[in-house]
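# Reading the structure
One letter stands for each residue in the lines below.
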There are 2 protein chains.
Amino acid sequence: MTTLSTPGPTLGVVGGGQLGRMLAEAASPLGVDVVVLDPTPDCPASTPARDQVVAEFDDVDAIRDLADRSDTLTFEIELADQDALERIERDTGVPCHPKPATLDLIHDKLVQKRALDDAGIPVPPFREVESPADVADALDDLGSPAMLKARTGGYDGRGNVPVDEDTDHAAALAEVGGEGNAMVESFVDYERELSVIGVKGDGELAAFPVGENVHREEILRETVVPARADTFVLEESREVAFDVLDRMDGRGVYGIELFEHEDGSVSVNEIAPRPHNSGHWTIEGAHVSQFEQHVRAVLGWPLGNTELRCPTAMANLLGDGDTTRDAEIGLLETVLDAPDAHLHWYGKRDTRPLRKMGHVTCIRTEDEPREELLERARTLRDGIDFA
Amino acid sequence: MTTLSTPGPTLGVVGGGQLGRMLAEAASPLGVDVVVLDPTPDCPASTPARDQVVAEFDDVDAIRDLADRSDTLTFEIELADQDALERIERDTGVPCHPKPATLDLIHDKLVQKRALDDAGIPVPPFREVESPADVADALDDLGSPAMLKARTGGYDGRGNVPVDEDTDHAAALAEVGGEGNAMVESFVDYERELSVIGVKGDGELAAFPVGENVHREEILRETVVPARADTFVLEESREVAFDVLDRMDGRGVYGIELFEHEDGSVSVNEIAPRPHNSGHWTIEGAHVSQFEQHVRAVLGWPLGNTELRCPTAMANLLGDGDTTRDAEIGLLETVLDAPDAHLHWYGKRDTRPLRKMGHVTCIRTEDEPREELLERARTLRDGIDFA
């Protein structure tokens, strides 16, 4: 029996960016308090959260304080420290979901790909590389060009370098963090980038409808749902997502990025053990958002309805220009006036080039084709002006 | 041009109950900070709000502190002090919406009815009563039985006493607060109770679809939208609502309660110059909720789309039993498992008989008739157990 008292359960969240902010926004109607831990004072999540512990992500004493105030711990950033979380889980008895060991699996792309491959989950061909000679061998085996990837520390495209026979392999290796931190992955000539937001609850699994993602400079720009792919591709994507969830340890939301290949097969690109940018559309487009699902899942509450309410498009508001400066956007009317659009502004103090500052969601009107829906979200986003 | 910077605009809200809580939940995605003023430490709104000023509603110094931290002031409780707000508005230049004078109009039901009547807005026949003899005269004129009402201080049915020729009029007068605080209103034999949530923006007016309300013991139990009334009644209700908005001074959301009479005409029962319990359905059932509309309106931003997303029913979770005790509800599964239901728990520390502790919203599945939709919300609500 699930009982809710007041004060309700407290969720301690390592990380206080936009994901923590939207988690706290989703937790409040359920009577769930959120306390976040983040090194940046007045981090985005600090406003809707009950409180913020200002500390580094690996500050064991601070995480212990967070645990002392929490019924369950979770994280919204992969920089969370698995060793610290495991120790604190053991010492305090406050559970952490997903399990901290998941971070180990996620941090290292090579380890992640091997684990998925071992579990029979399709991934693009890959191999570990230690030296320039290994890179050359990998190109022979996997085909050229291929993608040299940092095993750890890559994020939003940082740490990915395309390589072919003519590349300076030593320089490329250095660029992704040097020997011991590299893998080569077959260059995926994909048809579409897809993602499934999966949820692992207490003895139950769920998945949202498949989204279609548009990246540029390896940063997510837009998502449209349902993805414009054949039904069998959507079904296969969800099946793969459920296989991934089976392999994961601990409850919570997982963002599962996939490639759709020309023949309609799919392979897993990357997994994030947390709510995911490509799932922001769920706030307006699904019955229960990925953020509420994460709250429910980590607390061991029943999961909510992951069905679509209506086709939806999301466009990220990214910092423009080429300097760091105070965050300020103008021409908000373009979004506020639009009858089927919703603004989400993350409350970040300053903007940097390509920094995720907010997003705009459009829900479908009448029988609008998804092309137009996506275009509408883009146009609204582009109409907003960074002052 | 509407520009949003970070930190965004701050809304200072007098009152920190569930309305303030849902205001703060709606403000966060817009990048708007909320600071509430409420005498109860850890009031319901304190969790999602940035901060709480712990002070009485008429504490001028504290309201001045609130104004100093705010770009705009508003209130979510009618106990807000109009004199204090007017003085502070004048002294600090921080605007308050709705205008504090609106509170004067609302506080005194006689003044409210007269103002509406003067503006040509239909209200049930009423008259001021000073003495037991006046009550007898009023019964002669307006018909018997009639409703003796406290002019001020009544809330959720407190302060209403039915009277007829056999009633002890002196005792009834004493019960509603004595001479100088009473009016008699014609007993309305209504067909239905309706309400319209209206929004007064910067040079624009808007109204949500008409809701149908079910009261028991003069406390709202359920709302279903759209109301099950004839189209011409719905249209007339909205017209009356727009007339009311015209008469109101200052931007914001207004809850307008109406009676539908047997002949299909409507009259205004009461106005609340704030988001209203009968508008909670808008969170899931409309494109933009009454809370987001209030934030937009008081800041002078463009209003959002008030159209229905789908038919919706809301059932209040009221404290049961007959004592004040720690708030705790069980059997949450009944709501969390239901595919088209949403829980809102206000985070109040203790429960009292009939206290508003939370609400459950159900959105329509397929072609479900509104009777069944309403019944589903009731059944889910009744399945929740106050421990």
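Just so it is clear, the structure is predicted and the values come from calculations on it, not from any experiment.

## Side note on the interface of chain A and chain B
Counting residues at the interface gives 43 residues for chain A, matched by 43 residues for chain B. For the side of chain A that touches chain B, the secondary-structure elements that each account for two or more residues are β1 (4-5), α1 (18-27), β18 (328-330), α11 (333-336) and β19 (341-345) of chain A. Residues that form the side of chain A that touches chain B fall into these classes: 17 nonpolar, 14 polar and twelve charged.

## Considerations on the relation of the copies chain A and chain B
Rotating chain A by 180° and translating it 0.0 Å along the rotation axis places it on chain B, where the RMSD comes to 0.0 Å. Those values place the two copies in the arrangement expected of a two-fold rotation axis. In terms of C-alpha distance to the rotation axis, chain A has proline 48 of chain A as its closest residue, with the C-alpha 2.1 Å off the axis. Counting the interface residues of chain A, we find that 100% of their copies in chain B are interface residues as well, pointing to one common contact surface.

## Focus: the sheet that holds strand β7 (residues 146-150) of chain B
Residue and element names in this part refer to chain B. Read across the sheet, four strands follow the order β6-β9-β7-β8 without closing on themselves; strand pairing throughout is antiparallel. Edge strands, defined here as strands with exactly one partner in the open sheet, are β6 (126-129) and β8 (160-163). Within the sheet, the average angular offset between the axes of one strand and its neighbour, ignoring direction, is 30°. Taken together, the four bridges between β6 and strand β9 (residues 182-186) define a ladder with antiparallel strand orientation. Each residue of the ladder has a partner; that of arginine 127, found in β9, is valine 184.

## Considering helix α2 (residues 60-68) of chain A
Residues and elements named next belong to chain A. Buried within α2 are the following residues: Ile63, Leu66 and Ala67. Across the axial projection of α2, the buried residues extend over an arc of 100°, all falling on one side. Exposed residues lying more than 90 degrees from the buried face of α2 are Asp61 and Asp68. For α2, the secondary structure elements touched by its buried residues are β2 (10-14), β3 (33-38), β4 (51-54), β5 (72-75) and α3 (82-92).

## What to know about the domain arrangement of chain A
A common way to state how big an interface is: give the accessible area lost once the parts meet. You can read the domains of chain A as domain 1 (10-96), domain 2 (125-186) and domain 3 (192-386). Computed over C-alpha atoms, the centres of domain 1 of chain A and domain 2 of chain A are 35 Å apart.

## Looking at the nonpolar core
Residues Leu23, Val34 and Val295 of chain A together with Leu23, Val34 and Val295 of chain B are the most contacted members of the largest nonpolar core, which totals 213 residues. The residues contacting valine 34 of chain B, other than those within four sequence positions of it, are Leu11, Val13, Leu23, Ala24, Ala27, Ala49 and Arg50 of chain B.

## Concerning the packing of helix α2 (residues 60-68) of chain B against helix α3 (residues 82-92) of chain B
Residue and element names in this part refer to chain B. At a minimum axis distance of 10 Å, the contact between α2 and α3 shows a crossing angle of 45°. In terms of their interaxial angle, α2 and α3 are classed as oblique. Between α2 and α3 the crossing geometry is right-handed. The segment α2 lies against α3, with Val60, Ile63, Arg64, Ala67 and Asp68 engaging Ala84, Leu85, Arg87, Ile88 and Thr92. Across the contact of α2 with α3, the residue classes tally to six nonpolar, one polar and three charged.

## Observations regarding the pairing of strand β21 (residues 356-363) of chain A
Residues and elements named next belong to chain A. The buried count for β21 comes to eight of eight residues, which makes it a mostly enclosed element. One ladder, built from seven bridges, connects strand β16 (residues 312-318) with β21; its direction is antiparallel. Considered in β21, the bridge of leucine 317 is made with glycine 358.

## Brief notes about the confidence of the model for chain A
Residue-level pLDDT values for chain A average 93, and 97% of them are 70 or greater. Scored as a complex, the prediction yields pTM 0.95 and ipTM 0.94.

## A short note on helix α1 (residues 18-27) of chain B
Judged by how many residues are buried, α1 of chain B sits mostly within the fold: ten of ten residues are covered. Turning to α1 of chain B, its buried residues are Gln18, Leu19, Gly20, Arg21, Met22, Leu23, Ala24, Glu25, Ala26 and Ala27 of chain B. Residues of α1 of chain B that are buried in the fold lie against α1 of chain A together with β2 (10-14), β3 (33-38), α10 (290-299) and β21 (356-363) of chain B.

## A few points about the sheet that holds strand β9 (residues 182-186) of chain A
Residue and element names in this part refer to chain A. Taken in spatial order, the four strands of this open sheet run β6-β9-β7-β8, and their pairing is antiparallel. Unpaired on one side and paired on the other, β6 (126-129) and β8 (160-163) mark the two borders of the sheet. Neighbour to neighbour, the strand axes of the sheet diverge by 30° on average, direction disregarded. Bridge analysis of strand β7 (residues 146-150) against β8 gives four bridges, and the strand direction is antiparallel. Opposite alanine 146, over in β8, you have valine 163 as the bridge partner. Contacting β6, β7, β8 and β9, helix α6 (residues 132-142) runs over the sheet at an angle of about 170° to β6.

Analysis parameters
- Residues numbered from 1 in each chain as written.
- Chains lettered and ligands numbered in written order.
- Predicted model: local features only at pLDDT ≥ 70, side-chain atom pairs only at ≥ 80, totals over all residues.
- Contact = placed C-beta atoms within 7 Å.
- Helix = DSSP H or I, 4+ residues; strand = E, 2+ residues; numbered from the N terminus.
- Nonpolar A, V, L, I, M, F, W, Y, C, P; charged D, E, K, R; others polar.
- Least-squares fit on C-alpha atoms with pLDDT ≥ 70 in both.
- Pairing = 2+ DSSP bridges.
- Axes fitted to C-alpha atoms, helices over the stretch in contact; angles between N-to-C directions.
- Buried ≥ 20, exposed ≤ 12 C-beta atoms within 10 Å, placed from the backbone.
- Arc of directions from axis to C-beta.
- Domains from an automatic or database assignment.
- Core = buried A, V, L, I, M, F, W, Y, C linked by C-beta atoms within 7 Å.
- Parallel < 35°, antiparallel > 145°, perpendicular 65-115°, else oblique.
- Left-handed = near helix turned anticlockwise from the far one by under 90°.
- pLDDT = per-residue confidence, 0-100.

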